[in-house]
There are 4 protein chains.
Amino acid sequence: LTTELTIAVLGGDARYLEMIRSLQCSANASVFAVGFEQISQSFTGGIQRELEDIDPQSLDAVILPIPGVGSNGQIETVFSDKNIQLTESWIDRLPKDCVIFTGITNDYLTELFEKRNLRLVSLFDRDDVAIYNSIPTAEGAIMTAIKHTDFTIHGSNVVVLGFGRVGKSVASKFNALGAIVQVGSIHDADIARISEMGMRAFFLDRLPEKVKDTDILINTIPALVVKRAIIEQLPVQTLIIDLASKPGGVDFDYAKKRGIEAIHALSLPGIVAPKTAGNILSVVIKQILINS
Amino acid sequence: LTTELTIAVLGGDARYLEMIRSLQCSANASVFAVGFEQISQSFTGGIQRELEDIDPQSLDAVILPIPGVGSNGQIETVFSDKNIQLTESWIDRLPKDCVIFTGITNDYLTELFEKRNLRLVSLFDRDDVAIYNSIPTAEGAIMTAIKHTDFTIHGSNVVVLGFGRVGKSVASKFNALGAIVQVGSIHDADIARISEMGMRAFFLDRLPEKVKDTDILINTIPALVVKRAIIEQLPVQTLIIDLASKPGGVDFDYAKKRGIEAIHALSLPGIVAPKTAGNILSVVIKQILINS
Amino acid sequence: LTTELTIAVLGGDARYLEMIRSLQCSANASVFAVGFEQISQSFTGGIQRELEDIDPQSLDAVILPIPGVGSNGQIETVFSDKNIQLTESWIDRLPKDCVIFTGITNDYLTELFEKRNLRLVSLFDRDDVAIYNSIPTAEGAIMTAIKHTDFTIHGSNVVVLGFGRVGKSVASKFNALGAIVQVGSIHDADIARISEMGMRAFFLDRLPEKVKDTDILINTIPALVVKRAIIEQLPVQTLIIDLASKPGGVDFDYAKKRGIEAIHALSLPGIVAPKTAGNILSVVIKQILINS
Amino acid sequence: LTTELTIAVLGGDARYLEMIRSLQCSANASVFAVGFEQISQSFTGGIQRELEDIDPQSLDAVILPIPGVGSNGQIETVFSDKNIQLTESWIDRLPKDCVIFTGITNDYLTELFEKRNLRLVSLFDRDDVAIYNSIPTAEGAIMTAIKHTDFTIHGSNVVVLGFGRVGKSVASKFNALGAIVQVGSIHDADIARISEMGMRAFFLDRLPEKVKDTDILINTIPALVVKRAIIEQLPVQTLIIDLASKPGGVDFDYAKKRGIEAIHALSLPGIVAPKTAGNILSVVIKQILINS
Ligand SMILES: NC(=O)c1ccc[n+]([C@@H]2O[C@H](COP(=O)([O-])OP(=O)(O)OC[C@H]3O[C@@H](n4cnc5c(N)ncnc54)[C@H](OP(=O)(O)O)[C@@H]3O)[C@@H](O)[C@H]2O)c1
Ligand SMILES: NC(=O)c1ccc[n+]([C@@H]2O[C@H](COP(=O)([O-])OP(=O)(O)OC[C@H]3O[C@@H](n4cnc5c(N)ncnc54)[C@H](OP(=O)(O)O)[C@@H]3O)[C@@H](O)[C@H]2O)c1
Ligand SMILES: NC(=O)c1ccc[n+]([C@@H]2O[C@H](COP(=O)([O-])OP(=O)(O)OC[C@H]3O[C@@H](n4cnc5c(N)ncnc54)[C@H](OP(=O)(O)O)[C@@H]3O)[C@@H](O)[C@H]2O)c1
Ligand SMILES: NC(=O)c1ccc[n+]([C@@H]2O[C@H](COP(=O)([O-])OP(=O)(O)OC[C@H]3O[C@@H](n4cnc5c(N)ncnc54)[C@H](OP(=O)(O)O)[C@@H]3O)[C@@H](O)[C@H]2O)c1
């Protein structure tokens with residue numbers, strides 16, 4: 001960043017502390033943090049302000065919290081006693097090239113900025129954010145596997161379902177640790193890439209016959225793929241780790257019935273590496289601001 | 001393959017010898033090879049036939065050579081004295097679910113089968129074929145790098161341009177050999193994935209500043225990216241390897257002028273690993289026939 | 001194992017359950033297990049016996065528990081109410097080529113078998129056992145690192161001290177997970193091998209200047225190397241993991257004083273992977289019996 | 001190097017050009033080069049001198065060529081018309097703490113310096129030099145494999161014999177390129193380490209049964225291990241690469257008789273990476289001078 005940037009952060013959780021620190025340090029930026037009174041200013045390096053003390057016209061970027069903004073413009077805070085109220089009049093005063101960031105968006109938020117022709121970036125809808133977050137997700141899966149088995153990952157038979165953003169990282173990291181990794185996908189191109197990366201590939205419809213010696217079964221597909229018929233084929237000491245967001249891709253009831261341990265491991269980046277998760281956001285935000 | 005398949009191969013080069021052998025061996029298939037008289041039948045295992053001695057109605061698949069068929073239906077052969085003449089009447093007798101394979105297609109070929117509602121698979125347009133072929137391509141690049149430098153890949157500064165099907169394989173293999181690999185791309189998601197894979201990522205517009213200590217510069221982008229302004233920044237002992245198809249992505253004239261060695265390394269799969277290249281075709285053909 | 005082997009296991013902990021199962025299954029062996037009454041016979045597959053019901057003359061191997069035998073010949077059991085008493089007269093009846101295994105030995109044990117010219121194998125003194133055990137040790141270190149930090153291993157600065165059997169495995173696995181690994185050793189050959197493996201090497205006397213940006217410091221050297229002067233250089237959020245056996249190689253008191261978290265992570269194989277730890281023993285025992 | 005060093009290089013081949021340049025550049029050193037008249041001084045940066053113009057008393061180190069010195073004190077040059085004559089009187093005037101380097105030594109050379117209590121370092125007898133050189137050796141083996149086969153290393157069955165300094169590097173690099181690598185050794189500890197590194201290990205006496213599907217057989221053991229009985233088991237299209245120094249470890253005559261291609265690939269570091277080979281020498285020389 002060659003020119004000085006002025007950024008307002010309106011609320012946020014633990015991940016945002018690192019994000020603020022990182023934006024403040026490495027970029028040529030002044031960060032105003034609203035809703036962080038319970039955190040010592042020295043901790044993040046950001047300058048704590050009340051919303052009314054910030055001049056919207058001076059801002060290059062506004063960063064909203066991960067869950068975005070309620071339909072009445074209310075922002076819930078984690079590190080403050082009072083919530084923040086975003087008003088249309090405040091937004092109206094933002095400069096035309098100001099970029100607004102949120103974790104996830106909703107119709108209210110999207111419309112709010114669209115009709116003003118302001119750029120709204122929904123961070124968690126971005127491919128790059130999903131890929132960066134797949135790293136702490138994979139490490140969380142590794143920790144879970146080591147903790148919940150009585151054997152090493154090295155030398156174990158691991159089946160990974162799905163080869164999207166999370167599946168790629170999970171499979172390659174278990175492979176790097178010496179597991180014998182098989183990856184199932186429905187895509188021809190995935191089958192080829194899995195082989196290129198030195199793992200074994202199979203089409204998902206062959207899943208039933210692939211799981212007979214599985215030690216660890218890791219699902220990343222957001223659909224019910226680990227059904228009863230699959231669980232029936234699993235050795236009873238298999239560990240199932242489901243990474244797919246709710247409701248997940250595993251018949252947990254049936255797994256329990258068969259006495260197979262199945263863990264639905266969610267929100268791993270925030271759990272195993274909140275600092276990295278915050279840093280990912282600052283990296284991507286900086287890149288977007290540089291390129292815009 | 002559980003049911004017996006009958007496949008006709010009409011012409012083809014060295015890669016097809018392995019393809020025929022592999023189809024004949026590992027699949028439950030009978031392969032009729034037309035246009036291979038100069039090759040001993042025992043070599044491929046396929047059954048050599050004249051086109052007229054094959055009953056089209058019995059065929060599950062027809063495999064045309066890599067360059068496809070001329071606009072008059074003529075097929076040039078490599079291992080025979082006479083060319084093969086494909087007639088519309090012959091095609092008319094193919095069963096409805098017969099699959100036709102070619103390396104690349106053209107308007108004539110596409111229309112020929114489309115109007116008969118026959119499935120034509122253009123192998124080299126497939127993502128999986130491109131990914132499988134990226135492996136021998138990467139090995140060819142490795143051989144070129146070892147041969148044309150007086151230092152080891154291990155420890156050298158390698159810049160790879162492009163992170164598509166070839167770029168991914170090339171970058172990860174040089175990384176595996178201990179090079180310090182930087183990869184340039186225009187895509188945010190690539191930047192994230194490159195980092196996840198343990199390499200250094202940069203946006204292509206930063207290329208000029210990234211090449212100052214480069215030992216080996218490898219291009220996979222089919223556009224002129226290694227221009228004069230980039231070549232000017234390169235140390236004079238840098239080796240440039242351009243993998244992009246003609247005309248490539250390097251200003252070869254200017255490289256020569258500056259005394260920088262630049263190699264346009266084309267058709268590497270056929271050169272360094274014709275057997276693997278043939279095997280790739282048989283793997284993909286088998287998968288398609290199984291799934292159809 | 002082509003000929004049938006008869007093996008007596010006299011006591012042992014959780015690791016021995018897997019060892020018995022594995023010996024019984026994969027080798028052509030009959031295993032008599034003494035001191036495992038609390039375990040269902042079906043669990044290990046071994047045949048439970050009283051010591052007096054076993055004919056020593058029929059034995060090819062005797063396996064004593066990890067800690068060996070007390071100086072009066074007493075063997076403490078984990079899965080039985082009563083201990084086992086090994087008598088000289090019993091030992092006198094073992095065949096000349098019977099091999100005796102123990103985890104660690106002592107003067108009493110060594111002399112007991114030496115004077116009878118019987119081969120005593122002290123498993124934990126073997127290089128191969130130490131190397132196999134370095135795998136679960138490294139995975140234990142990985143789990144500890146993920147659990148006790150708020151950042152990912154990927155991209156973090158990890159310093160490993162020592163490049164012996166444990167150090168090699170730990171360093172290469174953190175490297176495989178994408179950490180930037182520096183390894184310190186006093187040996188020239190280690191420095192070269194560390195470089196060859198794609199990591200950064202330094203001579204241990206340069207340690208003070210190497211730890212300034214360290215995120216995770218892992219010690220494997222059984223000597224006080226992480227002294228006050230080193231800890232003074234560490235960033236305060238560094239995590240220290242000491243893998244060296246008691247008393248370890250870290251000034252834990254001073255680390256605590258500086259507010260740096262330091263974990264003495266011992267006996268990791270038995271903790272994170274008892275099944276693998278037992279399997280390692282059976283693999284090595286089988287190899288020794290095959291080769292003898 | 002904090003204090004200025006004065007170093008005399010007496011003769012040497014292409015590798016020494018890079019060594020001189022590297023010593024001159026990165027160390028705080030003055031390098032006098034004798035026997036390099038045919039090379040432009042600007043090329044190496046070293047200062048060209050006649051032997052008689054150098055004051056032995058000022059020297060911290062003398063570097064003799066790789067093959068050392070003839071028994072009459074004669075040094076053969078590669079880049080000069082005249083040879084160099086080392087006299088006892090010249091040596092007598094070297095300071096007591098001067099270090100003398102040679103590639104390999106002989107009785108004459110050893111005695112010459114021993115009786116004067118001068119430290120003679122025989123570079124090629126050092127473990128670290130052998131390990132560093134194993135890197136270009138492995139890359140040479142890779143180039144040979146790619147060039148002399150019609151299939152990719154990726155996915156091929158590679159058997160490596162010996163797990164010493166060269167064997168470790170060769171095996172791990174073929175593994176990194178996606179080959180299915182089996183390594184044979186006689187040492188228990190090697191078997192364990194090979195497994196830890198994610199490759200398949202076998203005891204050498206099982207070699208006959210291990211080679212039945214081998215695509216590439218690479219020997220690093222300096223003894224006749226690839227005998228007739230082994231070659232008889234190999235598929236006829238196997239490529240044998242023997243890296244062991246003369247006479248090698250392969251029955252080349254019998255391989256030829258069976259029509260199996262066997263390549264004795266010697267002196268690879270000097271062939272594929274003379275610059276790296278020279279750099280290795282300068283790295284090790286600098287380390288020794290720093291530590292002494
Ligand atoms: N546990 C955690 O901490 C954590 C962290 C991050 C993400 N997640 C969750 O993990 C899941 C995967 O995320 P991602 O970023 O990897 O998503 P992604 O990139 O979309 O990958 C999902 C893969 O599954 C495939 N797929 C989808 N539906 C399928 C079906 N019915 N049958 C077969 N394959 C199917 C997709 O193919 P197509 O591309 O053709 O749809 C894609 O290849 C999501 O639920 C995400 O919310 C969890
Ligand atoms: N030498 C050989 O033996 C050999 C073997 C195989 C392939 N090839 C050739 O290698 C080249 C790459 O093949 P591939 O399969 O990797 O293709 P690919 O998957 O399409 O990858 C090419 C990459 O370059 C990017 N790109 C295209 N135009 C660009 C531009 N103007 N500026 C910046 N980036 C650009 C593409 O981005 P988008 O996706 O956004 O376009 C894509 O990421 C092709 O020319 C192919 O014919 C050569
Ligand atoms: N935490 C666990 O679960 C666990 C598991 C297994 C082992 N361990 C322990 O981990 C430690 C390392 O085991 P290991 O099998 O790796 O041993 P190792 O193979 O002997 O390696 C130790 C390395 O440290 C070096 N070293 C010894 N003293 C040194 C000193 N004063 N200064 C510098 N370097 C020194 C050794 O060099 P030399 O070869 O020259 O002595 C050797 O390279 C031991 O204490 C072992 O009991 C712990
Ligand atoms: N082609 C080239 O460019 C090139 C480059 C460098 C080196 N080399 C040559 O490559 C060979 C290996 O070098 P290196 O540095 O790896 O040597 P190394 O470290 O001594 O390794 C050789 C390995 O072979 C084992 N071995 C020796 N004799 C054996 C036998 N009869 N049966 C079974 N195993 C045996 C050794 O075990 P022990 O340790 O128990 O003896 C050791 O593990 C040497 O001949 C060397 O000169 C060639």
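Conventions we followed
Residues numbered from 1 in each chain as written. Chains lettered and ligands numbered in written order. Predicted model: local features only at pLDDT ≥ 70, side-chain atom pairs only at ≥ 80, totals over all residues. Heavy atoms only, no water. Helix = DSSP H or I, 4+ residues; strand = E, 2+ residues; numbered from the N terminus. Buried < 20%, exposed > 50% of the residue type's maximum accessible area, 1.4 Å probe, protein only. Contact = heavy atoms within 4.5 Å. Areas by Shrake-Rupley, 256 points an atom, 1.4 Å probe, with all protein chains shown as cover. Lys, Arg positive; Asp, Glu negative; His and termini not counted. Charge placed at Lys NZ, Arg CZ, Asp CG, Glu CD. Near = heavy atom within 4 Å. Polar contact = N/O pair within 3.5 Å; in protein donor to acceptor, adjacent residues only side chain to side chain. Pairing = 2+ DSSP bridges. Axes fitted to C-alpha atoms, helices over the stretch in contact; angles between N-to-C directions. Nonpolar A, V, L, I, M, F, W, Y, C, P; charged D, E, K, R; others polar. Least-squares fit on C-alpha atoms with pLDDT ≥ 70 in both. Buried area = accessible area lost by both parts, 1.4 Å probe. Salt bridge = Lys/Arg side-chain N within 4 Å of Asp/Glu carboxyl O. Domains from an automatic or database assignment.

Description of the overall build of chain A
Part 1 of the reasoning: Assigned secondary structure in chain A consists of twelve helices and 14 strands.
Part 2 of the reasoning: Counting only C-alpha atoms, chain A reaches 65 × 35 × 35 Å along its principal axes.
Part 3 of the reasoning: Within chain A, the proportion of its 292 residues that are buried is 58%.
Part 4 of the reasoning: Partitioning the intrachain contacts of chain A with sequence separation of at least 6 by distance along the chain shows that 59% fall at a separation of at least 24.
Part 5 of the reasoning: Just so you have it, chain A exposes about 11,900 Å², and 48% of that area is on carbon and sulfur atoms.
Part 6 of the reasoning: In chain A, which carries 27 positive and 34 negative side-chain charges, the distance between the mean positions of the two groups comes to 5 Å.

What about the site of ligand 3?
Residue and element names in this part refer to chain C.
Part 1 of the reasoning: The immediate surroundings of ligand 3 are formed by 19 residues, with V166, H187, S245, A265 and L268 found nearest.
Part 2 of the reasoning: A distance of 3.2 Å separates an oxygen atom of ligand 3 from a polar atom in the backbone of S267.
Part 3 of the reasoning: Contact between ligand 3 and L268: an oxygen atom at 2.8 Å from a main-chain N or O atom of the residue.
Part 4 of the reasoning: For ligand 3, the protein covers 69% of the area, taking 910 Å² as the surface of the free molecule.
Part 5 of the reasoning: Put simply, the parts of the chain that give the shell around ligand 3 at least two residues each are α6 (165-176) and α11 (268-272).

Description of the sheet that holds strand β9 (residues 157-161) of chain A
Residue and element names in this part refer to chain A.
Part 1 of the reasoning: Pairing is parallel in the open sheet, where six strands are placed in the order β11-β10-β9-β12-β13-β14. Bordering the open sheet on either side are β11 (200-203) and β14 (261-264), each of which pairs with just one other strand. Ignoring which end each strand starts from, the neighbouring axes of this sheet average 20° apart.

Structural notes on the site of ligand 2
Residues and elements named next belong to chain B.
Part 1 of the reasoning: In the vicinity of ligand 2 there are 19 residues, among which V166, H187, S245, A265 and L268 approach most closely.
Part 2 of the reasoning: One of the backbone nitrogen or oxygen atoms of A265 is found 2.8 Å away from a nitrogen atom of ligand 2.
Part 3 of the reasoning: In the complex, 68% of the free accessible area of ligand 2, which totals 910 Å², lies under the protein chains.
Part 4 of the reasoning: Elements supplying a minimum of two residues to the shell around ligand 2: α6 (165-176) and α11 (268-272).
Part 5 of the reasoning: When its residues are assigned to classes, the shell around ligand 2 shows twelve nonpolar, six polar and one charged.

Re the sheet that holds strand β14 (residues 261-264) of chain C
All names here are of chain C.
Part 1 of the reasoning: Strand order in this open sheet of six strands is β11-β10-β9-β12-β13-β14, and the pairing throughout is parallel. The sheet terminates laterally at β11 (200-203) and β14, the two strands that pair on one side only. Within this sheet the neighbouring strands show an average axis-to-axis angle of 20°, counted without direction.
Part 2 of the reasoning: Across four bridges, the pairing between strand β9 (residues 157-161) and strand β12 (residues 216-219) is parallel. Paired with V160 across the bridge in β12 is I218.

Some points on the relation of the copies chain C and chain A
Part 1 of the reasoning: Of the transformation placing chain C onto chain A, the axial shift is 0.0 Å and the rotation is 180°, giving an RMSD of 0.0 Å. Here the two chains are linked by the operation of a two-fold rotation axis.
Part 2 of the reasoning: The share of interface residues of chain C whose copies in chain A are also at the interface is 100%, consistent with both copies meeting through the same surface.

Observations regarding the interface of chain D and chain C
Part 1 of the reasoning: Taken together, the contact between chain D and chain C spans 23 residues of the former and 23 residues of the latter.
Part 2 of the reasoning: Carbon and sulfur atoms make up 55% of the area that chain D and chain C hide from each other, which totals about 1,800 Å².
Part 3 of the reasoning: Interface area lost by chain D to chain C is led by D:I131, D:R193 and D:E196, which between them contribute 30%.
Part 4 of the reasoning: The interface formed by chain D and chain C contains four salt bridges.
Part 5 of the reasoning: The residue D:K173 makes a salt bridge to C:E196 at a minimum N-O spacing of 2.9 Å.
Part 6 of the reasoning: Summed over the shared surface of chain D and chain C, the number is eight residue pairs in polar contact (both at pLDDT 80 or more).
Part 7 of the reasoning: Broken down by secondary-structure element, the contributors of at least two residues to the side of chain D that touches chain C are α5 (127-147), α6 (165-176), α7 (188-196) and α12 (274-291) of chain D.
Part 8 of the reasoning: Counting residues per element, the side of chain D that touches chain C draws most heavily on α7(D), at seven residues.
Part 9 of the reasoning: When its residues are assigned to classes, the side of chain D that touches chain C shows seven nonpolar, seven polar and nine charged.

What to know about the pattern of salt bridges
Part 1 of the reasoning: Inspection of every chain in the model, using the stated rule, returns 54 salt bridges over all chains.
Part 2 of the reasoning: Among the charged side chains, a network of salt bridges with common partners joins A:E88, A:D92 and A:R116.

Notes on the domain arrangement of chain A
Part 1 of the reasoning: By the assigned domains, chain A splits into domain 1 (5-125) and domain 2 (129-270).
Part 2 of the reasoning: The gap between the C-alpha centroids of domain 1 of chain A and domain 2 of chain A is 37 Å.

Considerations on the environment of C:G270
All names here are of chain C.
Part 1 of the reasoning: Here G270 lies in helix α11.
Part 2 of the reasoning: For G270, a relative accessible area of 31% translates into the label partly exposed.
Part 3 of the reasoning: Taking the C-alpha atoms as reference points, G270 and R126, separated by 144 residues in sequence, lie 17 Å from one another.

Details of the pairing of strand β1 (residues 5-10) of chain D
Residue and element names in this part refer to chain D.
Part 1 of the reasoning: In terms of burial, β1 is largely enclosed, as six of its six residues are buried.
Part 2 of the reasoning: Alternating positions in β1 separate into two faces, L5, I7 and V9 on one and T6, A8 and L10 on the other, with burial throughout.
Part 3 of the reasoning: Note: β1 against strand β4 (residues 61-63), three bridges, orientation parallel. Paired with V9 across the strands is I63, a residue of β4.

A look at the side chain of A:T238
All names here are of chain A.
Part 1 of the reasoning: On the secondary structure map, T238 appears in the loop between α9 (228-231) and β13 (239-242).
Part 2 of the reasoning: Under the relative-accessibility criterion, T238 is labelled buried at 2%.
Part 3 of the reasoning: There is a polar contact of 2.7 Å between the side chain of T238 and the backbone oxygen of P235.
Part 4 of the reasoning: When sequence neighbours within four positions are dropped, the list of residues in contact with T238 reads T214, D215, I216, L217, I260 and E261.

A few points about the interface of chain C and chain A
Many authors give the size of an interface as the accessible area that is lost as the parts come together.
Part 1 of the reasoning: With 21 residues of chain C in contact, the opposing surface of chain A contributes 22 residues.
Part 2 of the reasoning: Scanning the region where chain C abuts chain A turns up zero salt bridges.
Part 3 of the reasoning: On inspection of chain C and its partner chain A, the count reaches eight residue pairs in polar contact (both at pLDDT 80 or more).
Part 4 of the reasoning: Contributing elements (two or more residues each) for the side of chain C that touches chain A: α5 (127-147), α6 and α12 (274-291) of chain C.
Part 5 of the reasoning: Tallying contributions element by element places α5(C) first for the side of chain C that touches chain A, with seven residues.
Part 6 of the reasoning: Of the residues contributing to the side of chain C that touches chain A, the split by class is twelve nonpolar, four polar and five charged.

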